[in-house]
2 protein chains.
Amino acid sequence: MSSAHITFDFTGDKVADRVAKMRSSAVRDLFSAATSSDVISLSGGMPDVSLLPQEAIQKAVEAACGDRRALALQYTSTDGLSGMREVVCDLVRDLGIRCRPDDVILTTGAQEALDLVAKVFINPGDTIIAEGPTYLGALQAFSAYEPDIRCVPLDDEGLRMDLLEEELKRLGKGAVKFLYTIPNFHNPAGVTMIAERRARLVELAEEYDFLIVEDDPYGRLRFEGDYIMPLKALSDKVIYLGTVSKVFAPGLRTGWIIAPKCVLARINLVKQGTDLCGSAFNMVVVEHYFRDTPWQETLQSFIETYRERRDAMLEALDEFFPPEARWTHPEGGLFVWVTLPEYADAGSILSVALENGVTYTPGDSFYPNGAMGKNCMRLAFCFASPDKIREAIRRLGSVVNERLGLYRAFLEAGAIRGPKPV
Amino acid sequence: MSSAHITFDFTGDKVADRVAKMRSSAVRDLFSAATSSDVISLSGGMPDVSLLPQEAIQKAVEAACGDRRALALQYTSTDGLSGMREVVCDLVRDLGIRCRPDDVILTTGAQEALDLVAKVFINPGDTIIAEGPTYLGALQAFSAYEPDIRCVPLDDEGLRMDLLEEELKRLGKGAVKFLYTIPNFHNPAGVTMIAERRARLVELAEEYDFLIVEDDPYGRLRFEGDYIMPLKALSDKVIYLGTVSKVFAPGLRTGWIIAPKCVLARINLVKQGTDLCGSAFNMVVVEHYFRDTPWQETLQSFIETYRERRDAMLEALDEFFPPEARWTHPEGGLFVWVTLPEYADAGSILSVALENGVTYTPGDSFYPNGAMGKNCMRLAFCFASPDKIREAIRRLGSVVNERLGLYRAFLEAGAIRGPKPV
């Protein structure tokens, strides 16, 4: 046996078709290279868990190590501990969703929920619809099952219903398996779907016979504006995904699906083979966090912190970014979406930005096969302090101004061809 | 909106082909019905977590709530925290496997490992080989990707190499994607693959060009006999799966894959879409359990307890089961496999057994589509006390004797047709 065995790829011809087509996210690869502490990251949607009080964590863990140890350390049912499913029902009742514990299945974060939904519904070649741009992790989850993903654009009021209806007419009734949407504080676009569009979307789902998958990780992180009812409150048929990752801690990997029984039965079946069951230990911890600690106060401190950081980002963008750039004004959540002039390439700007000590996520990561969004950037304001955010946007603004200036100069000198700057 | 929406299945035509073929395990369904405390369960492979000292759990959790809180509560990389991956390297070094943290990816229990391996390698219609019988959860994981699963029989020395070679000759070189095996204290068969067969299996993998997936959840639970090197110690190319579920706690859902880099890279890519990353909190807890507590002592108490329970089961089988029945003599692990005469139906016996206060798992659960093993039962000795086990086998022996007697009487009276009892 020689260690040379592992230096080459002997599995090439064995890998399944679904994987041969996958490419690692260029962004993730770049981040693993960016380790300097001078770099300010505006890339990851990582909540600032330093805001979680240590007492609350200790209180939440108490039962899992004590009275409820035998339960917490053991396998649990595939749908998860009923106590934690009751907590989910309590949490979503505030949002206008009425359900009972047997309408809920717990998942390893909402990411597993995306995988399970895709595994239940997608045959290779099936058509699904997503917002354009949409969540990178959803694209990764869905792509493994080889669907045809159609993206419908967003504007400041969320998914464009006129364009959606055009697409549905083209495809015809029953042609779409499901539509995936993030109505609140969209990742990456930062926009929120207005109430009228939500009502219309539910109507269209009936008319054209498709399922709605509503992903709501950020809904409780509202800084301003009025609360809007989730799609799940408008139709029983909606498949609703939630998570504690943005209101408590992603390290506990606790998400959930609320769905009609006929959907849940299939998800349960598929989850048996995927991971058997989630972590009972984490379920007990999360249950007690929401039962025994002042979690609303902690959530309030998340909201205030992120609002302050969003404000810092928006002010700095005004100050440092070129007039040709546009960006969204998120009423909550973690992300601002910046659109540069069409001739800008956010992917190549990223390598210069990294040298200048700032990272972000280029927009093409949020479209299937990176087909669009090349002139866009997602900026996360959740993790860095307001001062760091201001400094990051200053650095980034300077890189962007320089690159756009270079482009214009090349264009005027006739050294390159491309769209004329306005 | 009417609640009538959720009373019927409106998704039938939307469900993917892979799911339309899945059936919920009849066994699992039956168990959810069996809630009486009078029932002694010999069905689940649940470790007896009451043997875990509370101090050890508290010690293990300390860092996750304290010093390492920021890490434990946050997202982690897809391959998992390096500290926990180092622990894996230390654990498997005792078993004869040499690896470094970047040869390891952490998974949500070994069940997720099975799903990820299947997702990376199986195209619909691909041929894979498993032992017959084999682990129910592996069949569920693999089936989602629609392979043709060929089962090769076991005997008391593990997978039958002569029959495997016959099958490989029939299929031809390169025709098999991978072979899945549980060499130590097989689930459900309770047998262990002898060293000579392990060496031969590795040779055959080279000769016929297939990958080996070695699942080793029970390897440390040896009651007697000599330690045998894992397949992974014989060939770098083996994909080795481990878990803390049977040596610590399944409730922490921590498993791992040790594999060549070219395999790990694909598994990482697929895991990004499946659940993004595992629970950092659980990784920190498990890491500290193996670093800061006397886990070998606790493991020794698992081993002694299970040995005593196995002995109780084997003695009771001798005393209460009919002479036509045969069973395996496990040198470790959690399971005994009983083979009744061919005319017995372990599935229909189960419903009578349940009425008489004992459950087990019928053998056909451990074959693809339940095609074989109908006259077999898996008996788990891990969870009930020796007294309960004796009582359970007494009850079960009485049911089995009665059913076999009835069958013989019907046959003699000409009321049914079937194989003649010997």
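Residues numbered from 1 in each chain as written. Chains lettered and ligands numbered in written order. Predicted model: local features only at pLDDT ≥ 70, side-chain atom pairs only at ≥ 80, totals over all residues. Heavy atoms only, no water.

Participant: What should I look at first to understand the overall build of chain A in this one?
Facilitator: Scanning chain A for helices and strands turns up 14 helices and 14 strands. Considering only C-alpha atoms, chain A reaches an extent of 70 × 65 × 50 Å along its principal axes. By the burial criterion, 63% of the 422 residues in chain A qualify as buried. Of all intrachain contacts in chain A linking residues separated by at least 6 positions in sequence, the fraction that spans at least 24 positions is 74%. Working note: accessible area of chain A is about 15,800 Å², and carbon and sulfur atoms make up 49% of it. (Helix = DSSP H or I, 4+ residues; strand = E, 2+ residues; numbered from the N terminus. Buried < 20%, exposed > 50% of the residue type's maximum accessible area, 1.4 Å probe, protein only. Contact = heavy atoms within 4.5 Å. Areas by Shrake-Rupley, 256 points an atom, 1.4 Å probe, with all protein chains shown as cover.)

Participant: Which parts of the structure should I look at to understand the pairing of strand β8 (residues 239-243) of chain A?
Facilitator: Every other side chain in a regular strand lies on the same face of the sheet, so the side chains alternate between the two faces. Residues and elements named next belong to chain A. Burial of β8 is extensive: five of the five residues sit out of reach of the surface. Of the two faces of β8, the one carrying Ile239, Leu241 and Thr243 and the one carrying Tyr240 and Gly242 are both buried. Judged from the three bridges that link them, strand β7 (residues 211-215) and β8 form a sheet pairing that is parallel. Across the sheet, glutamate 214 pairs through a bridge with tyrosine 240, a residue of β8. Both β8 and strand β9 (residues 254-258) contribute to a ladder of four bridges, which runs antiparallel. (Pairing = 2+ DSSP bridges.)

Participant: Any chance you could explain the relation of the copies chain B and chain A here in plain terms?
Facilitator: One copy of the chain maps onto the other through a rotation about an axis followed by a shift along the same axis. Once chain B has been moved 0.0 Å along the axis and rotated by 180 degrees, it coincides with chain A to within an RMSD of 0.0 Å. When the rotation and shift are considered jointly, the pair of chain copies conforms to a two-fold rotation axis. When the interface residues of chain B are mapped onto chain A, 99% of them again fall at the interface, so both copies present the same face. (Least-squares fit on C-alpha atoms with pLDDT ≥ 70 in both.)

Participant: In this structure, what is going on with empty space enclosed by the protein? I would like to understand it.
Facilitator: Empty space left among the atoms is revealed by rolling a probe the size of a water molecule over them. For the structure shown, the criterion picks out three cavities of 30 Å³ or more. Considering only enclosed or pocket space, the largest cavity measures out at about 180 Å³ in volume. Taken together, 20 residues make up the lining of the largest cavity; nearest its centre are Thr108, Ser279 and Asn282 of chain A together with Thr108 and Ser279 of chain B. The class makeup of the residues in the lining of the largest cavity is six nonpolar, twelve polar and two charged. In this structure, the second largest cavity spans a volume of roughly 140 Å³. Of all elements in the fold, only α5 (82-93) and β8 (239-243) of chain B reach the threshold of two or more residues within the lining of the second largest cavity. With three residues, β8 of chain B is the single largest residue contributor to the lining of the second largest cavity. A per-class count over the lining of the second largest cavity returns nine nonpolar, three polar and two charged. (1 Å grid on protein atoms, 1.4 Å probe; cavity = no way out; pocket = protein on both sides within 12 Å on 5 of 7 lines; lining within 4 Å. Points joined across faces, edges and corners; volume = space filled by probe spheres on them. Nonpolar A, V, L, I, M, F, W, Y, C, P; charged D, E, K, R; others polar.)

Participant: Any chance you could explain the interface of chain B and chain A here in plain terms?
Facilitator: When the parts of a complex come together, some accessible area is lost, and that lost area is often used as the size of the interface. On the chain A side, the residues contacting the 91 residues of chain B number 90 residues. Surface buried jointly by chain B and chain A totals about 7,600 Å² across both partners, of which 60% is contributed by carbon and sulfur atoms. Its largest share of buried area at the contact with chain A, chain B owes to Lys14, Leu73 and Tyr75 of chain B, together 10% of the area lost on that side. Counting across the interface, chain B meets chain A through four salt bridges. Between aspartate 209 of chain B and lysine 14 of chain A there is a salt bridge whose closest N-O contact spans 3.1 Å. Counting across the chain B and chain A interface gives 42 residue pairs in polar contact (both at pLDDT 80 or more). Among the elements that take part in the side of chain B that touches chain A, helix α11 (residues 261-275) of chain B stands out by supplying nine residues, more than any other. Of the residues assigned to the side of chain B that touches chain A, the class counts are 46 nonpolar, 25 polar and 20 charged. (Buried area = accessible area lost by both parts, 1.4 Å probe. Salt bridge = Lys/Arg side-chain N within 4 Å of Asp/Glu carboxyl O. Polar contact = N/O pair within 3.5 Å; in protein donor to acceptor, adjacent residues only side chain to side chain.)

Participant: Hey, could you run me through the pattern of salt bridges in this one?
Facilitator: Proximity of charged atoms lets side chains of opposite charge pair with each other. Across all of its chains, the model carries 64 salt bridges over all chains by this definition. A salt bridge links glutamate 157 of chain B to arginine 197 of chain B, with the nearest nitrogen and oxygen atoms 3.5 Å apart. Of the two residues, glutamate 157 of chain B sits in the loop between β4 (148-155) and β5 (158-159) while arginine 197 of chain B sits in helix α9 (residues 195-208), which places them 40 residues apart along the sequence. Residues participating in the shared-partner salt-bridge network are Glu86, Asp90, Arg93 and Arg291 of chain A.

Participant: What exactly am I supposed to notice about the packing of helix α14 (residues 346-355) of chain B against helix α15 (residues 386-412) of chain B here?
Facilitator: When two helices pack together, their arrangement is given by the angle between the helix axes and by the axis-to-axis distance. Residue and element names in this part refer to chain B. Running from amino to carboxyl end, α14 crosses α15 at an angle of 130 degrees, the nearest separation of the two axes being 10 Å. On the basis of the axis angle, α14 is oblique to α15. Of the two elements, α14 crosses α15, and the hand of that crossing is right-handed. Here α14 contributes Ser348, Ile349, Val352 and Ala353 to the contact with α15, which in turn contributes Leu396, Val399, Val400 and Arg403. Among the residues forming the contact of α14 with α15, the class breakdown is six nonpolar, one polar and one charged. (Axes fitted to C-alpha atoms, helices over the stretch in contact; angles between N-to-C directions. Parallel < 35°, antiparallel > 145°, perpendicular 65-115°, else oblique. Left-handed = near helix turned anticlockwise from the far one by under 90°.)

Participant: Looking at this structure, I do not really get the confidence of the model for chain A. What am I missing?
Facilitator: Where the model shows low pLDDT, its predicted coordinates should not be examined in detail. Residue and element names in this part refer to chain A. Per-chain confidence: chain A averages 93 in pLDDT, with 94% of residues scoring 70 or above. Confidence drops under a pLDDT of 50 for residues 1-7, and excluding neighbours within four residues, the segment shows twelve contacts in the predicted structure. Interface confidence for the predicted complex, expressed as ipTM, amounts to 0.94; the pTM equals 0.94. (pLDDT = per-residue confidence, 0-100.)

Participant: Please explain the sheet that holds β5 of chain B as it appears in this structure.
Facilitator: All names here are of chain B. The strand order across the open sheet formed by eight strands is β2-β9-β8-β7-β6-β3-β4-β5, and the pairing between neighbours is mixed. The sheet is open, and its two edges are formed by β2 (104-108) and β5, each paired on a single side. Note: strand β3 (residues 127-132) against strand β6 (residues 176-181), three bridges, orientation parallel. The residue bridging isoleucine 129 from the neighbouring strand is leucine 179, located in β6. Across the sheet, helix α8 (residues 161-171) touches β3, β4, β5 and β6, and the angle it forms with β4 is around 155 degrees.

Participant: Got a minute to help me understand the side chain of threonine 127 of chain B in this structure?
Facilitator: Residue and element names in this part refer to chain B. Relative to the elements of secondary structure, threonine 127 occurs in strand β3. For threonine 127, a relative accessible area of 11% translates into the label buried. Aside from chain neighbours lying at most four places away, what touches threonine 127 is Asp148, Arg150, Leu171, Ala175, Val176, Lys177 and Phe178.

Participant: Any chance you could explain the environment of isoleucine 228 of chain A here in plain terms?
Facilitator: Residues and elements named next belong to chain A. Tracing the chain through its elements places isoleucine 228 in the loop between β7 and β8. Of the residues examined, isoleucine 228 reaches a relative accessible area of 17% and is grouped as buried. Not counting residues up to four positions away in its chain, the partners in contact with isoleucine 228 are Thr192, Met193, Ile194, Ala195, Arg198 and Arg222.

Participant: Sorry if this is basic, but what is going on with the packing of aromatic side chains here?
Facilitator: Two measures describe an aromatic ring pair: the distance that separates the ring centres and the angle between the ring planes. Tallied over the entire structure, the rule returns 24 aromatic pairs over all chains. When the centroid spacing of 3.6 Å and the interplanar angle of 5 degrees are considered together, the rings of phenylalanine 248 of chain A and tyrosine 289 of chain A count as stacked. Of this pair, phenylalanine 248 of chain A sits in the loop between β8 and β9 while tyrosine 289 of chain A sits in helix α11 (residues 280-292), and the two are 41 residues apart along the sequence. Ring geometry for tyrosine 218 of chain B versus phenylalanine 335 of chain B: centroids 5.9 Å apart, planes at 90 degrees, classification edge-to-face. In this pair, tyrosine 218 of chain B sits in the loop between β7 (211-215) and α10 (231-234) while phenylalanine 335 of chain B sits in strand β11 (residues 335-339), placing the two residues 117 residues apart along the sequence. The exposure classification of tyrosine 218 of chain B matches that of phenylalanine 335 of chain B, with both residues buried. (Phe/Tyr/Trp six-rings, centres within 6.5 Å; stacked < 30°, edge-to-face > 60°.)

Participant: Teacher, can you tell me more about α11 of chain A here?
Facilitator: Helical periodicity: at 3.6 residues per turn, an α-helix aligns residues three or four positions apart in one direction. Counted at 1.5 Å a residue, the expected span for α11 of chain A with its 13 residues is 18 Å, and the 18 Å between its end C-alpha atoms agrees. Those residues of α11 of chain A not exposed but buried are Ala280, Phe281, Asn282, Met283, Val284, Val285, Val286, Glu287, His288, Tyr289 and Phe290 of chain A. (Expected span 1.5 Å × (residues − 1).)

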